[in-house]
Amino acid sequence: MSVTPASAVPGAPAARPIDVATVRRDFPILAREVNGKPLCYLDNAASSQRPRSVIHSISRYYETSHANVHRGVHRLSQEATDLFEGARETLRRFVNARSVREIIFVRGTTEAINLVAQSYARPNLQPGDEIVISWLEHHANIVPWQMVCEQSGARLRVIPITRSGEVDFDSFLALLNDRTRLLALAHVSNALGTVVPVERFILEAKRRGIPVLLDGAQAAPHMAVDVQALDCDFYCFSGHKMCGPTGIGVLYGRESLLEAMPPWQGGGDMILAVSFERTVYNELPYKFEAGTPHIAGAIGLAVAVEYLEALGLDRIAAAEQALLDYATERLQQIPGLTIVGTAPEKAAVVSFTVERVHPHDLGTILDSEGVAIRTGHHCAMPVMDFFGVPATARASFAFYNTRAEVDRLVDALQVAREMLA
Ligand SMILES: Cc1ncc(COP(=O)(O)O)c(C=O)c1O
């Protein structure tokens, strides 16, 4: 199956910018209209769009090769298993894990974090132990830890953030102590766009023997991730934010930790032998994949990853950075608009408020102009509390967005201001 984007020329120098006009033709949905206007899709941090190669890989799988995996000796089951396990190898390579045993297919980042909370943290936590997270986490990296703290008597410690939306490193150091059992940190903030310099945090955690989980939901789509270079113990991401299907994601786990962890869910596929007296669990990674997996999802995600790799993660990052810089410059010129989250290192996310205009009203007016942004708390209520706002408007860019779309965002915001402010 062909996964090469029309714009990717093999062997092209990394610095060559992405040809956006050509790339956009890979994404059928970008050609549609909304409210009589061409769609201007700027809600990529919530979920990105899919290129044709991903969509076709899923329909081709269902049309030609679908059967259940791992169980059948018949031809279709073997084909489906080969595609599914081939996808695992693609994901292993994508994050540079040492082994496919370290790649667990899950529903997404949320499920990955819950798995680690229940299977790694819960059996290891004693009353009085501590888990450290930061103030800018998505609820998916807060609530599972609160639940496991309730179950175990452990305590959740929160690293404060600064007014620019950075995780305060000195406060982090001050929080670490001999009861710290885990650091769970966003790699990139979904609400503010802050790129957390996770390497510094990991180094200090490792010095003290503290395992680290990174929530990579907003990082994996936009930058090259190398779990060995990062030296993290767990890394989680979601397919639907990186041009792949919904309902599929990856938990990377260091093999020695996964090996020692009990299964999270029980059922088919995660066992080697079952009797009423005793069950022998399957080996990694299957021990953590109970039941029939999302086979088509894994196949589609692998094709999405190959699409991103063919474009080049460095070129994707450069394209998105250019859009962020341009959007930041233009938005700052709108009277009454305040950008929330001004860290020097940001992914292509701009959160903002407009004086005297509720973000939801902004979102509705922008929608009537064909411009899709997100408004609300972005599943990061503590971040909203910190900045003293109930909600923000958030534009988030992908490599297939254009400067002209930034201009449309700005024009639509002017319309909204004239109507509402
Ligand atoms: C930083 C971050 N973490 C976790 C999640 C949860 O991802 P999912 O809903 O795909 O499980 C999101 C989704 O917005 C996110 O942005």
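To start, this report covers the structure provided alongside it.

1. Looking at the overall build of the protein
(1) Moving on: When you go through the protein residue by residue, the secondary structure sums to 14 helices and 17 strands.
(2) Moving on: Its C-alpha atoms give the protein a radius of gyration of 22 Å, near enough to 22 Å, the size a compact globule of 421 residues would have.
(3) Moving on: In terms of overall dimensions, the protein has C-alpha extents of about 70 × 55 × 40 Å along its principal axes.
(4) Moving on: Relative to its full complement of 421 residues, the protein shows a buried share of 57%.
(5) Moving on: Surface exposure of the protein reaches about 17200 Å², of which carbon and sulfur atoms provide 53%.
(6) Moving on: Across the protein, 39 positive and 47 negative side-chain charges occur, with their mean positions spaced 1 Å apart.

2. Some remarks on the packing of aromatic side chains
(1) Moving on: Applying the stated criterion to the full structure yields 15 aromatic pairs.
(2) Moving on: Look at F27 and F399: their rings are 6.0 Å apart centre to centre, the planes differ by 65°, and that puts the pair in the edge-to-face class. Of this pair, F27 sits in the loop between α1 (20-24) and β1 (33-34) while F399 is found in the loop between β17 (392-396) and α14 (403-420), placing the two residues 372 residues apart along the sequence. Across the pair, exposure class does not vary: F27 and F399 are buried alike.
(3) Moving on: Among the aromatic side chains, those forming a connected cluster through ring pairs are F27, Y307, F399 and Y400.
(4) Moving on: The positively charged end of R200 is found above the aromatic ring belonging to F169, 3.8 Å away from the centroid.
(5) Moving on: R403 extends its terminal NZ or CZ atom over the ring of Y326, reaching a point 3.8 Å from the ring centre.

3. A short note on the sheet that holds strand β4 (residues 103-106)
(1) Moving on: The strand order β4-β10-β9-β8-β7-β5-β6 describes an open sheet built from 7 strands, whose pairing is mixed. Each end of this open sheet is capped by a strand with a single partner; those strands are β4 and β6 (155-159). The sheet shows a mean angle of 20° between the axes of neighbouring strands, taken without regard to direction.
(2) Moving on: Note: strand β9 (residues 234-238) against strand β10 (residues 249-253), 5 bridges, orientation antiparallel. Opposite C236, over in β10, you have L251 as the bridge partner.
(3) Moving on: Of the strands in this sheet, β4, β9 and β10 are in contact with helix α3 (residues 75-95), which crosses β4 at around 115°.

About the criteria used
- Residues numbered from 1 in each chain as written.
- Predicted model: local features only at pLDDT ≥ 70, side-chain atom pairs only at ≥ 80, totals over all residues.
- Heavy atoms only, no water.
- Helix = DSSP H or I, 4+ residues; strand = E, 2+ residues; numbered from the N terminus.
- Rg over C-alpha atoms; globule rule 2.2 N^0.38 Å.
- Buried < 20%, exposed > 50% of the residue type's maximum accessible area, 1.4 Å probe, protein only.
- Areas by Shrake-Rupley, 256 points an atom, 1.4 Å probe, with all protein chains shown as cover.
- Lys, Arg positive; Asp, Glu negative; His and termini not counted.
- Charge placed at Lys NZ, Arg CZ, Asp CG, Glu CD.
- Phe/Tyr/Trp six-rings, centres within 6.5 Å; stacked < 30°, edge-to-face > 60°.
- Lys NZ or Arg CZ within 6 Å of the ring centre and 35° of its normal.
- Pairing = 2+ DSSP bridges.
- Axes fitted to C-alpha atoms, helices over the stretch in contact; angles between N-to-C directions.
- Contact = heavy atoms within 4.5 Å.

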